[in-house]
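Here are the chains, one letter per residue:
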Amino acid sequence: MKALFILLLVQLCSASLVPEREKDPEYWRRQAQETLQNALRLQRLNQNVAKNLILFLGDGMGVSTVTAARILKGQLQHGQGEESLLEMDKFPFVALAKTYNTNAQVPDSAGTATAYLCGVKANEGTLGVSAGVTRDHCNTTKGQEVTSILRWAKEAGKAVGIVTTTRVTHATPSAAYAHSANRDWYSDGEMPPDALEGGCKDIARQLVENIPEIEVILGGGRKYMYPKNVSDVEYPHEEKHRGTRLDGRNLVQAWQEAKPHGKVAEYVWHRRGLLALNLSRVDFLLGESLHPRVPWHQRLGGTSVLDDVGFKKGEINMVMGGHRKRIKRGARLGRGGQCRAILGSTGGRIDHGHHEGKAKQALHEAVELDRAIGLATRLTSTQDTLSVVTADHSHVFTFGGYTPRGNPIFGLAPMQSDVDRKPFTSILYGNGPGYKIVAGERENVSAVDFAHADYQAQSAVPLRQETHGGEDVAVFARGPMAHLLHGVHEQNYIPHAMAYAACIGSNRGHCNTAARPATPLLLPFLGLLLILLC
């Protein structure tokens, strides 16, 4: 108890000191006036046509996660944390999105992905289909398919791509290209006989067949692309990594063979292969790591969240340095006159960390996503690039306990429970695997390493997996027509606003294509790819 008291005293005395400048009322007045001037400048609306679209999706990145990630970012930079700014915080327009599915108050990632990618709300567990489809019922799918903003952009001649830290067949990215009555039908090996007999296709097959011209696909889960029991290229002796397909198809080979004659389609499964490519000569790129979920950022000792198919941080600097001029000059990948790029990037491990009750992992993933947002911001222009950052849903994650200014985000609250007389961490979950009873009482967190990356924060209700939350999520926007994202919207509004800004999709009556100059490609798709691998 004495050690705990000392720890709390140290936290309280050393971290809660008010910065000297903040004691002066003029500091806050000047700050408010600067903010006011910036807000007044926003009255001059940017109504340019968006030549590039970038959608950053933090899976499970609710408002409480954004706030906690902001504090973590500041503390990683040796600040107190609360005054820090995430890159997304700097976006001038912010909205709230209502995340419910058509049949669920608290949503899942499939129904929400259908909303923010396809512009149509759907039932939980279903992908790229309307609410007329019942989960698991293949026979309800036909005629209920809905298309995504990725397809709208491709039909407009733009280069498109998907970068994700999950499997590429995961619910979040797959709504961009798939139509499925069940989000878990990764390969035909996961599908029931009646679905196969009914003619429904697995998600991996749809990745290859539905929109074969996707220029870049990077993520995890390569085993769903190979025939059952085919050994993995990297771990040939491990049975759990073998292929899962029952139809005997090699979908990587099918992906390459489907490309037009004369086009270069490269498949990589490791960082080394990607670095060895002459990127200026690549038209299509598919990169899939072994793992269904790309490994945690911090478990890898500081490597990229896309380590298995991407770069280490030192290699990123080398590659970006060598390609910065090419990014500005234009490259083969995504070339097409005034046709630019749309990129979807998913920080999927935020969600996985929260489900496991491991807040440290979730928040570090959120900071990593924000780093990618920052680099993309620096290499793009608000004059022609609309960037949107949002989440599919929230989690029952919170932090509180009257913590003092600068309290370590993963630290203890400065008080004990007035019921069981035990300390508690500031971060807690409403439910999840962190519920622990020791000798008939709540676990005493001072007896465990609550700062460890694998620590599962305490929860009020015991569950093997923590659940999503049902509150609205934030939408941050920057660039042409970003002002269309404001107030409180249904989540399915997002792709419609983005499409309007870029003059793609069905609502193009406001577009005067004859007035647009045929400018060269200033930001090729590959440039965006490199940005998001940091």
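Residues numbered from 1 in each chain as written. Predicted model: local features only at pLDDT ≥ 70, side-chain atom pairs only at ≥ 80, totals over all residues. Heavy atoms only, no water.

1. Here's the deal with the side chain of Lys121
For step 1, the next point in the chain: On the secondary structure map, Lys121 appears in the loop between helix H4 (109-118) and helix H5 (149-155).
For step 2, the next point in the chain: Its relative accessible area of 13% is what places Lys121 among the buried residues.
For step 3, the next point in the chain: Within the local environment of Lys121, its side chain forms a polar contact with the backbone oxygen of Lys98, the two atoms lying 2.9 Å apart.
For step 4, the next point in the chain: Each residue touching Lys121, except ones within four places of it in the same chain, is listed here: Lys98, Thr99, Tyr100, Thr102, Ala115, Ala131, Glu490, Gln491 and Asn492. (Helix = DSSP H or I, 4+ residues; strand = E, 2+ residues; numbered from the N terminus. Buried < 20%, exposed > 50% of the residue type's maximum accessible area, 1.4 Å probe, protein only. Polar contact = N/O pair within 3.5 Å; in protein donor to acceptor, adjacent residues only side chain to side chain. Contact = heavy atoms within 4.5 Å.)

2. Notes on the environment of Asp247
For step 1, the next point in the chain: Counting through the fold element by element, Asp247 comes out in the loop between strand S4 (216-220) and helix H9 (251-257).
For step 2, the next point in the chain: For Asp247, a relative accessible area of 34% translates into the label partly exposed.
For step 3, the next point in the chain: Spatially, the C-alpha atoms of Asp247 and Gly189 are 8.5 Å apart, while their sequence positions differ by 58 residues.

3. Concerning the UniProt feature "binding site: Zn(2+)" (unreviewed entry) in the protein chain
For step 1, the next point in the chain: As recorded in UniProt, the sites labelled "binding site: Zn(2+)" (unreviewed entry) are Asp59, Asp351, His355, Asp392, His393 and His468. Their sequence span is 410 residues, while the largest C-alpha to C-alpha distance among them is just 14.4 Å; these annotated residues converge on one region. Taken from the residues named earlier, the lining of the second largest pocket is made up of Asp351, His355 and His468.
For step 2, the next point in the chain: Of note, His355 is situated in helix H12 (residues 349-355). (UniProt positions renumbered as here; feature names shortened; annotations may be inferred. 1 Å grid on protein atoms, 1.4 Å probe; cavity = no way out; pocket = protein on both sides within 12 Å on 5 of 7 lines; lining within 4 Å.)

4. Some details on unusual backbone geometry
With the exception of glycine, most residues fall at negative phi, and the peptide bonds are largely trans.
For step 1, the next point in the chain: Phi at Ala439 is positive, roughly 55 degrees, even though this residue is not glycine.
For step 2, the next point in the chain: Tracing the backbone through its elements, the reader meets Ala439 in the loop between strand S14 (437-438) and strand S15 (441-442).
For step 3, the next point in the chain: At Cys503, a residue that is not glycine, the phi angle is positive and equals roughly 55 degrees.
For step 4, the next point in the chain: Within the secondary structure, Cys503 sits in the loop between helix H14 (493-502) and helix H15 (525-531).

5. Description of the UniProt feature "binding site: Mg(2+)" (unreviewed entry) in the protein chain
For step 1, the next point in the chain: Within this numbering scheme, the UniProt entry marks Asp59, His170 and Thr172 as carrying the feature "binding site: Mg(2+)" (unreviewed entry). A maximum C-alpha distance of 11.1 Å among these annotated residues, which run over 114 residues, shows that they cluster at one spot. Checked against the lining of the second largest pocket, the annotated residues just named reduce to His170.
For step 2, the next point in the chain: For Asp59, the position within the fold is in the loop between strand S1 (52-58) and helix H3 (63-76).
For step 3, the next point in the chain: Its relative accessible area of 0% is what places Asp59 among the buried residues.
For step 4, the next point in the chain: Here Thr172 lies in helix H6 (residues 171-174).
For step 5, the next point in the chain: Owing to a relative accessible area of 2%, Thr172 belongs among the buried residues under this scheme.

6. As for the pairing of S4
For step 1, the next point in the chain: In terms of burial, S4 is a largely internal element, five of the five residues being buried.
For step 2, the next point in the chain: Here S4 shows a buried face lined by Val216, Leu218 and Gly220 and a second buried face lined by Ile217 and Gly219.
For step 3, the next point in the chain: Here strand S3 (residues 159-167) pairs with S4 via four bridges, running parallel. Of the residues in S4, the one forming a bridge with Ile162 is Ile217.
For step 4, the next point in the chain: Strand direction decides the pairing type here: S4 and strand S6 (residues 284-288), joined by four bridges, are parallel. Residue pairing in the sheet places Ile217 in a bridge with Leu286 of S6. (Pairing = 2+ DSSP bridges.)

7. Here's the deal with the environment of Glu266
For step 1, the next point in the chain: Here Glu266 shows up in strand S5 (residues 265-268).
For step 2, the next point in the chain: Residues Glu266 and Gly287, 21 residues apart in the sequence, show an inter-C-alpha distance of 8.3 Å.
For step 3, the next point in the chain: Residue contacts for Glu266: discarding those within four places in its chain leaves Trp255, Leu277, Val282, Phe284, Leu285 and Leu286.

8. A closer look at H3
For step 1, the next point in the chain: Its 14 residues place the ends of H3 20 Å apart at the C-alpha level, agreeing with the 20 Å of an ideal helix rising 1.5 Å per residue.
For step 2, the next point in the chain: With 11 of its 14 residues buried, H3 lies for the most part within the structure.
For step 3, the next point in the chain: Along H3, the positions that sit buried rather than exposed are Ser64, Thr65, Val66, Ala68, Ala69, Arg70, Ile71, Leu72, Lys73, Gly74 and Gln75.
For step 4, the next point in the chain: Residues of H3 that are buried make contact with H12, helix H13 (359-378), strand S10 (397-399) and strand S18 (473-478).
For step 5, the next point in the chain: Following H3 by one or two positions, His78 adopts a phi angle in the positive range, close to 70 degrees. (Expected span 1.5 Å × (residues − 1).)

9. Some details on a nonpolar patch on the surface
For step 1, the next point in the chain: On the surface, Val63, Leu96 and Val488 cluster together to form a nonpolar patch covering roughly 230 Å² of accessible area.
For step 2, the next point in the chain: By secondary structure assignment, the location of Val488 is in strand S19 (residues 487-490).
For step 3, the next point in the chain: By relative accessible area, Val488 is classed as exposed at 53%. (Patch = residues over 30% accessible without salt bridge, like charges linked within 9 Å, V, L, I, M, F, W, Y side chains within 5 Å. Areas by Shrake-Rupley, 256 points an atom, 1.4 Å probe, with all protein chains shown as cover. Salt bridge = Lys/Arg side-chain N within 4 Å of Asp/Glu carboxyl O.)

10. Section: the pairing of S18
For step 1, the next point in the chain: For S18, the tally of buried residues reaches six of six residues, placing the bulk of the element in the interior.
For step 2, the next point in the chain: Here S18 shows two buried faces, one formed by Val473, Val475 and Ala477 and the other by Ala474, Phe476 and Arg478.
For step 3, the next point in the chain: Two elements, strand S2 (residues 93-98) and S18, share five bridges in a ladder whose sense is antiparallel. The partner of Phe93 across the bridge, within S18, is Ala477.

11. Description of the nonpolar core
For step 1, the next point in the chain: Judged by nonpolar contacts, the single largest core of 95 residues is most densely connected at Leu117, Tyr177, Met225 and Val388.
For step 2, the next point in the chain: Top contributing element to this core by residue count: H13, with eight residues.
For step 3, the next point in the chain: If near-sequence neighbours (up to four positions away) are discounted, Val388 is found in contact with Ile54, Leu55, Phe56, Val475, Phe476, Ala477, Leu485, Ile494 and Met498.
For step 4, the next point in the chain: In terms of nonpolar packing, the next biggest core, distinct from the first, is built from nine residues, Val216, Leu274, Leu277 and Leu279 among them. (Core = buried A, V, L, I, M, F, W, Y, C linked by side-chain atoms within 4.5 Å.)

12. Section: the layout of surface pockets
For step 1, the next point in the chain: Here the largest pocket defines a volume of roughly 590 Å³.
For step 2, the next point in the chain: Together, 21 residues line the largest pocket, and Asn38, Ala39, Leu42, Lys90 and Pro92 are the ones closest to its centre.
For step 3, the next point in the chain: Sorting elements by how many residues they give to the lining of the largest pocket places helix H2 (residues 25-41) first, with six residues.
For step 4, the next point in the chain: Each residue belonging to the lining of the largest pocket can be placed in one class, and the counts come to seven nonpolar, eight polar and six charged.
For step 5, the next point in the chain: Computed from the structure, the second largest pocket encloses a volume of approximately 280 Å³. (Points joined across faces, edges and corners; volume = space filled by probe spheres on them. Nonpolar A, V, L, I, M, F, W, Y, C, P; charged D, E, K, R; others polar.)

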